[in-house]
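# Understanding the architecture of this molecule
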Amino acid sequence: MGMRSPADSGNRGLRRGLFHLATALVLNACVLSTGVLGEEPPARVEVTLLPEVTVRGPQIRLGDLGVLRGDPTLAARAREVIVGQAPLPGRERVVELSYIHIRMRQSRLNPEHVDFLAPDRIVVRRAGRTVSPEEQIRAAEAAVRRVCNPRDGEKGIVEPLSTPLPLTVPEGELQLIADPGEGNAHAASVVAVRLRALVDGTLAATASVTVRVRRLSPVWVATRALSYGTLLAEGDARVEQRDVAGIAQPLAPNAEIVGLRVRRMLSAGSVLTASCVEATPDVHRGDTITVSLRAGAIRVRVPAKALEEGAAGGEIRVVNLTGGREYRVRVTGPGTAEAILGPGE
């Protein structure tokens, strides 16, 4: 057997080292491609996003922006990633692809396991519907008419004083609620009706519609200027159709007005009301009247001086002419009254 030279031994060692190095590189490549020998490759998802989308809810999810394919579990998680808040109904906003990557990491999803086929910027619009000014006005008018029940012979007219702006609300079941305020609608001629737009039972928007309420009714109207204390006679007033919205207790055509006394100055054309006229007093201040006192079956009549004026049924103060005692009486007719006795009197 021949002797090996040192060069042959060195070449053999070099070849052995190169073999081990190649084996290590192959094993390392297998580990990098599969993670660990024998394990499945990581789940992946392909996400195709559209350049423009419309959403309906208050939040934008990744699943709203396009189509996700691939591993079912990973795709289901990725679809629920909240990308951001949706714009107001009828408005739009831009979502950057880079921000979607950030939101995925915040949701503990690795974007490197997702193949994106998407533009850099996505325009997101919020679906909505418009409540027109006409719809708002109809709701306000209907609410006012429900509250203002016309009296016999009365005609109610509701007129909008301004045109409200359109309302944009989310899509869903719309309910428009109008509140004129029961007291306002009855007493005022101009009413601000509050509107609430509910979508699927949730408040979506508010508005206000101002309307004029006209209640045409036949009433007594002064035909001439009437001064304080005037006793109404035939011809001092006549029945006319007038707007009585905002007028408290106008006198109806069946009211007996002849002989009533005017309590304050009235101009021609003024509507007569219960507060501006009164019955003619049966007793005047300073009159000497006869006061009846009843004690069991005994009735006594005594003279007294009226300290106030009053009509039948009203109470006034009087003073006894013989004893000077002051007390209250109830007027029973012209020049007569009945004493009002307290307990033990």
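Right above here is the structure, for reference.
Every chain's residues receive numbers from 1 upward, in the order its sequence appears when written. With pLDDT at 70 or above as the cut-off, local features in this predicted model cover only qualifying residues; side-chain atom pairs require 80 or more to be listed or tallied, and sums for whole chains, interfaces and linings still use all residues. To get the side-chain values, take all heavy atoms of the structure and skip hydrogens and water.

### Things to note about helix α3 (residues 97-106)
- Relative accessibility thresholds used throughout: buried, under 20% of the residue-type maximum; exposed, over 50%; partly exposed, between the two (1.4 Å probe, protein chains only). Per the convention used, a helix needs a DSSP run of H or I reaching at least four residues, while a strand needs a run of E reaching at least two, with both numbered from the N terminus. Looking only at α3, the buried set comprises L97, I100 and M104. One face of α3 carries all of its buried residues, which in axial projection span an arc of 45°. Residues S98, R105 and Q106 are exposed on α3 and point more than 90 degrees away from its buried face.
- Note on contacts: a residue pair qualifies if any of its non-hydrogen atoms lie within 4.5 Å across the two residues. The secondary structure elements touched by the buried residues of α3 are β1 (45-49), β5 (82-85), β6 (92-96), β7 (114-117) and β8 (121-126).
- The positive-phi residue at the C-terminal boundary of α3 is R108, with phi of around 65°. Taken from the helix axis, the directions to the C-beta atoms give the arc we talk about.

### Points about the nonpolar core
- By nonpolar core is meant a set of buried Ala, Val, Leu, Ile, Met, Phe, Trp, Tyr and Cys residues that side-chain atoms within 4.5 Å join together. With 24 residues, the main nonpolar core has L49, L62, L65, I100, F116 and V124 as its most contacted residues.
- Every element with two or more residues in this core is listed here: β1, β2 (52-55), α2 (72-79), α3, β7 and β8.
- The residues touching L49, leaving out its near neighbours within four places in the chain, are L62, L65, G66, L97, I100, F116, L117, A118, P119 and I122.
- Counting residues in hydrophobic clusters, the runner-up holds 14 residues, among them A140, V158, V209 and V211.

### Quick look at the sheet that holds β1
- Strands were regarded as paired on the criterion that DSSP finds at least two bridges between them. Across the sheet, 3 strands lie side by side as β4-β1-β7; this open sheet has mixed pairing. Since the sheet does not close on itself, it has two edges, and those belong to β4 (66-70) and β7, each with one partner. On average, each strand axis in the sheet is inclined to that of its neighbour by 15°, with strand direction left out of account.
- Every angle, taken between N-to-C directions, lies between 0 and 180 degrees, and every axis is a line fitted to C-alpha atoms, over only the stretch in contact when it is a helix. Contacting β1 and β4, α2 runs over the sheet at an angle of about 155° to β4.

### Points about the pattern of salt bridges
- Salt bridge, as used here, is a side-chain nitrogen of Lys or Arg placed within 4 Å of a carboxyl oxygen of Asp or Glu. By the definition in use, this model includes 20 salt bridges.
- Among the ionic pairs, R56 bridges to E171, the shortest N-O distance being 2.9 Å. On the criterion of sequence distance, the pair formed by R56 in the loop between β2 and β3 (59-61) and E171 in the loop between β11 (167-169) and β12 (174-179) is long-range, its members being 115 residues apart.
- For R56, a relative accessible area of 56% gives the class exposed.
- For R125, the salt bridge identified is with E92, shortest N-O distance 3.0 Å. One end of the pair, R125, is in strand β8; the other, E92, is in strand β6, with 33 residues separating them in the sequence.
- The class of E92 is partly exposed, set by a relative accessible area of 46%.
- Because the salt bridges share partners, they merge into one network encompassing R261, R263, E278 and E309.

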